[in-house]
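What follows is each chain in one-letter form.
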Amino acid sequence: MKGKDRQRAFWTGGIAAAFIAAAAVFFVMLQMERHVLADYEKGTVYVAARAIPEGVVFTEENYPEYLEKKEVDVSVIPGTALLEGDVLCGKIAEFPIEEGVLLTRGMFGELSQVTEDMEEPVIAGLKAEDLYQVAGGVLRAGDFIHIYTVAEDGTARLAWQNVFVEQVFDSAGNRISNEDNTTAAQRINIYLDRSDVEEFYARLADGSLRVVKDAS
């Protein structure tokens, strides 16, 4: 065999060997990747699809707006993770939750805690214009307020403490979301015990009620 033919054969064999070696390495890496992926067990959890303000009351209508399903490694899923979205109905966000945060049951409280001491809880509605002041108009669902009665001599008496604001509305009757920090509440729904309703509306009619927002 001539020198040039021998050299050509050498390079051809070397290239072929290199391809075989590369294919072998690729096959090994592919098998390793499959093995790793097989060990990577996924689970489905709920994360916050948007920022969840403190005090949001979840209903069948609004809870899907705040939730988003996501697959994650089961090793990072806590035992208290929120796995079913509809369990939020009737619950309240205990504190602000940022978008994308993995949701757990401990982030939400029971709405029933608000009414557990009431014999017959009802929702009472009032207009902001019926009160001397309404915490500057910045009330939102989930807020707690204290309601005072003011006598003719100017002395004030605490009539209802820690009254839960169920929902607030603008002048057009639209619900104001908790993300809205500017729109003044014009109509307000609150939880009261039925036995207090008569006195509440009587005091509301004579203009003797004042509202203070709990800032804690």
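Residues numbered from 1 in each chain as written. Predicted model: local features only at pLDDT ≥ 70, side-chain atom pairs only at ≥ 80, totals over all residues. Heavy atoms only, no water.

## Examining the overall build of the protein chain
At step 1: Secondary structure summary: the protein chain contains four helices and nine strands in total.
At step 2: Tracing the protein chain from N to C terminus, the helices and strands come up as α-β-α-β-β-β-α-β-β-β-β-α-β.
At step 3: Residues counted as buried form 33% of the 216 residues belonging to the protein chain.
At step 4: When contacts within the protein chain are restricted to residue pairs at least 6 apart in sequence, those whose partners lie at least 24 apart make up 64%. (Helix = DSSP H or I, 4+ residues; strand = E, 2+ residues; numbered from the N terminus. Buried < 20%, exposed > 50% of the residue type's maximum accessible area, 1.4 Å probe, protein only. Contact = heavy atoms within 4.5 Å.)

## So, the side chain of Asp193
At step 1: Turning to its location among the elements, Asp193 is positioned in strand β8 (residues 187–193).
At step 2: One buried charged residue, Asp193, forms no salt bridge at all, with the nearest opposite charge on Arg194 at 7.0 Å.
At step 3: Setting aside anything within four residues of it in sequence, one finds Asp193 in contact with Met118, Glu119, Glu120 and Val122. (Lys, Arg positive; Asp, Glu negative; His and termini not counted. Salt bridge = Lys/Arg side-chain N within 4 Å of Asp/Glu carboxyl O.)

## Looking at the environment of Tyr148
At step 1: Note on placement: Tyr148 falls in strand β6 (residues 144–150).
At step 2: For Tyr148, a relative accessible area of 27% gives the class partly exposed.
At step 3: Put simply, Tyr148 and Val211 are 63 residues apart on the chain and 6.4 Å apart in space, counted from C-alpha to C-alpha.
At step 4: Each residue touching Tyr148, except ones within four places of it in the same chain, is listed here: Ala156, Arg157, Leu158, Ala159, Ser208, Leu209, Arg210 and Val212.

## Focus on the packing of aromatic side chains
At step 1: In total, this model carries six aromatic pairs according to the counting rule given.
At step 2: Relative to Phe200, the ring of Trp160 lies with its centre 5.7 Å away and its plane at 75 degrees, an arrangement referred to as edge-to-face. Here Phe200 lies in helix α4 (residues 194–205) and Trp160 lies in strand β7 (residues 156–169), a separation of 40 residues in the sequence.
At step 3: The interplanar angle of 75 degrees and the centroid separation of 5.2 Å between the aromatic rings of Phe200 and Tyr201 together place this pair among those described as edge-to-face.
At step 4: A relative accessible area of 1% places Phe200 in the buried class.
At step 5: Among the aromatic residues, ring-to-ring pairing joins Phe58, Tyr66 and Phe108 into one connected group.
At step 6: Over the aromatic face of Tyr66 sits the side chain of Arg50, whose NZ or CZ is 4.8 Å from the ring centroid. (Phe/Tyr/Trp six-rings, centres within 6.5 Å; stacked < 30°, edge-to-face > 60°. Lys NZ or Arg CZ within 6 Å of the ring centre and 35° of its normal.)

## Things to note about the sheet that holds strand β5 (residues 121–127)
At step 1: Pairing within the open sheet is antiparallel, and its five strands lie in the order β5-β8-β7-β6-β9. The sheet is open, and its two borders are formed by β5 and β9 (209–213), each paired with just one other strand. On average, adjacent strands in this sheet sit at an angle of 40 degrees to one another, irrespective of strand direction.
At step 2: Bridging between β7 and β8 involves four bridges; their strand directions are antiparallel. Along β8, the bridge assignment pairs Gln167 with Asn189. (Pairing = 2+ DSSP bridges. Axes fitted to C-alpha atoms, helices over the stretch in contact; angles between N-to-C directions.)

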